[in-house]
Amino acid sequence: MNPRVKPQLRLAFVGCGGIAQSHWQGIQHHASRVQVTAVIDSHPEQARQMAALTGAPPFDCLEAALAADDFDAVDIMLPHHLHEEVALQAFAAGKHVLLEKPMSTTLDSCDRILAAAEAAGTVFMVAEQAEYWPDAVAIRQLIGAGALGELVTASALFGGNTPVPLGSTPRPWRYDLKAAGGGITIDGGAHWIRPLRMWLGEIDEVLATVGHPVAEMEGESLARALFRFQSGVVAGFAAMSAGFEVGPKEEFRITGTLGEIVVYWGGSGRVVFFDRQTPQGRDLPPDLLPHGKNREAAFGLELDDFCHAVLEGRSLAAGPEVSLGELRTGLAMYRSAQTRNWEKVWA
Ligand SMILES: NC(=O)c1ccc[n+]([C@@H]2O[C@H](COP(=O)([O-])OP(=O)(O)OC[C@H]3O[C@@H](n4cnc5c(N)ncnc54)[C@H](O)[C@@H]3O)[C@@H](O)[C@H]2O)c1
């Protein structure tokens, strides 16, 4: 083999719906060593459209694609209740697995997936692109460099329109509790929990309440919570599917003894630093934000991370046990909403 030609990762897309578009865009811009060699979707039109984009042959199920055997890894982008069955099938065939969040809908199911990954000895990663968001990475660096002093508190706000238009037919799987395993917290909310964990460390316990203002969604469309971190710091978490777009949002606020960072991302991509010297605040300089203000780049960066782990044995930015943290936090919040008590996340 020509030593200058770097090996490629042959990847099968399993599920060619909404998020598969972002993964495909990401591969094109940031993961040049990933080659999509099979596209699988039970809906023929979805598979056909992705085949037209990628040039890969379409299949209607993983079995059929495994029979053709032209890939080393799968990228599973399916409704949550199908994650376990398809991940186990892929591990049994000796494939590396990238699995969209959440790992599954229950912790027992996640344990079975982790055991299958261990038995296969292949690379297993849960896709959580917030790990690569430019603002999340830059803020972690600033905190590490002591720019905020000692951390005092933080807050996160996720929300806006519903993930799928209301009134869609057939009823979207996301609005079915059995298929989704929960509501906004374990779905989009996960991307607002990960940065808090990147900045403040591991969450010890949560106190939460949930609501259902969007009647069509069986899972919660409203969540309010306090997270107590292992450090003792307490942060607030709020998530809501309003069913309509909302105005410019303050997404995160991280406060330390020396200053505060506020992330007004949606649309503006602004990250503003406040301290005693700059009470009016100053925007973070662009060179501190890797990939500028483009959170979309994070999809490509996560695929590139997975690719390097498979091809070169490099460690993942966040392994699968770490990536259980968002689901564990969400499930602890659901328990807390029932018991009205603080609930442990990792117990
Ligand atoms: N990281 C993010 O920002 C983000 C955003 C959206 C979705 N997601 C995650 O991606 C996953 C998929 O979500 P989505 O929004 O793309 O859903 P989607 O409904 O848009 O796409 C799912 C696709 O799977 C196909 N499918 C269903 N059952 C199948 C089966 N048995 N075999 C093969 N194909 C099947 C459907 O036809 C559909 O095309 C979920 O885990 C979700 O949480 C992540």
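A quick note: this is a predicted structure, and the numbers were derived from the prediction, not measured.

Enquirer: Even after reading the chapter, I still don't get the side chain of S221, so can you show me in this structure?
Expert: One can find S221 in the loop between β8 (203–211) and β9 (222–229). Overall, the relative accessible area of 0% leaves S221 in the buried class. Sequence-distant contacts of S221, defined by excluding residues within four places in its chain, comprise I184, G211, H212, P213, V214, A239, M240 and S241.

Enquirer: What exactly am I supposed to notice about the site of the ligand here?
Expert: Near the ligand you find 23 residues, and of these D41, H80, K101, Q129 and W173 are the closest. Between the ligand and H191, the relevant distance is 3.2 Å, taken from an oxygen atom to a side-chain nitrogen or oxygen of the residue. Look at the ligand: alone it shows 840 Å² of surface, and the protein chains cover 79% of it. Taken together, the residues that form the shell around the ligand break down as eight nonpolar, 10 polar and five charged. Looking at the shell around the ligand, you find at least three residues from each of domain 1 (9–127) and domain 2 (131–293 + 326–344).

Enquirer: Would you take a moment to explain the sheet that holds strand β10 (residues 234–241) for this structure?
Expert: Strands in a sheet are paired, the pairing made by backbone hydrogen bonds, and the direction either parallel or antiparallel. With respect to topology, nine strands assemble into an open sheet ordered β14-β13-β12-β11-β7-β10-β9-β8-β15, the strand pairing being mixed. Of all strands in the sheet, those bounded by a partner on one side alone are β14 (282–283) and β15 (343–344). Packing of helix α6 (residues 134–144) onto the sheet brings it into contact with β7 (151–160), β11 (252–256), β12 (259–264) and β13 (270–275), and relative to β12 it is tilted by some 180 degrees. In the packing of helix α10 (residues 320–339) onto the sheet, the strands contacted are β8, β9, β10 and β15, and the crossing angle to β8 comes to about 60 degrees.

Enquirer: Hey, could you run me through the environment of R282 in this one?
Expert: Within the secondary structure, R282 is located in strand β14. Given the relative accessible area of 41%, R282 is considered partly exposed. Apart from residues no more than four positions distant in its own chain, R282 is found in contact with V271, V272, F273 and D275.

Enquirer: What exactly am I supposed to notice about the domain arrangement of the protein here?
Expert: Think of interface size as the accessible area that goes away when the parts come together; that is how it is often given. Each assigned domain of the protein is listed with its residue range as follows: domain 1 (9–127) and domain 2 (131–293 + 326–344). Summed over both partners, the interface of domain 1 with domain 2 comes to about 1100 Å²; 68% of that surface belongs to carbon and sulfur atoms. In terms of surface lost to domain 2, no three residues of domain 1 exceed H80, K101 and L107, which account for 46% of the buried area on that side. For the pair domain 1 and domain 2, the number of links is one salt bridge. With a shortest N-O distance of 2.8 Å, D187 and K101 are connected by a salt bridge. If you look at where domain 1 meets domain 2, you find three residue pairs in polar contact (both at pLDDT 80 or more).

Here is what the cut-offs are and how they apply
Starting from 1, residues in each chain are numbered consecutively following that chain's sequence as written. Residues qualify for local features only when their pLDDT is at least 70, as the model is predicted, and side-chain atom pairs are given and counted only at 80 or more; totals for whole chains, interfaces and linings, by contrast, use all residues. With hydrogens and water excluded, all non-hydrogen atoms of the structure serve as input to the side-chain values. Put simply, DSSP marks the helices as runs of H or I at least four residues long and the strands as runs of E at least two long, and each gets a number from the N terminus on. Any residue under 20% of the maximum accessible area for its type is buried, any over 50% is exposed, and the rest in between are partly exposed; the area is computed with a 1.4 Å probe on protein chains only. In what follows, residue pairs with any heavy atoms lying within 4.5 Å of each other are defined as contacts. Residues are labelled near a given molecule or strand when at least one of their non-hydrogen atoms is within 4 Å of it. Within 3.5 Å is the distance limit for a polar contact, defined as a pair of N or O atoms, with the added protein rule that one can donate a hydrogen and the other accept it, and that residues adjacent in sequence qualify only through two side-chain atoms. Each accessible area is a Shrake-Rupley estimate made with a 1.4 Å probe; only the visible protein chains count as cover when residues are assessed. Amino acids are sorted into nonpolar (Ala, Val, Leu, Ile, Met, Phe, Trp, Tyr, Cys and Pro), charged (Asp, Glu, Lys and Arg) and polar (every other residue, Gly among them). What counts as a domain boundary in this text is fixed by an automatic or database domain assignment. The pairing criterion is simple: DSSP has to find at least two bridges between the two strands. Note on definitions: angles span 0 to 180 degrees between N-to-C directions of axes, and those axes are lines fitted to C-alpha atoms, for helices only across the stretch in contact. Once two parts are put together, the accessible area they lose, assessed with a 1.4 Å probe and summed over both, is termed the buried area. Take a side-chain nitrogen of Lys or Arg and a carboxyl oxygen of Asp or Glu: if they are within 4 Å of each other, that pair is a salt bridge.

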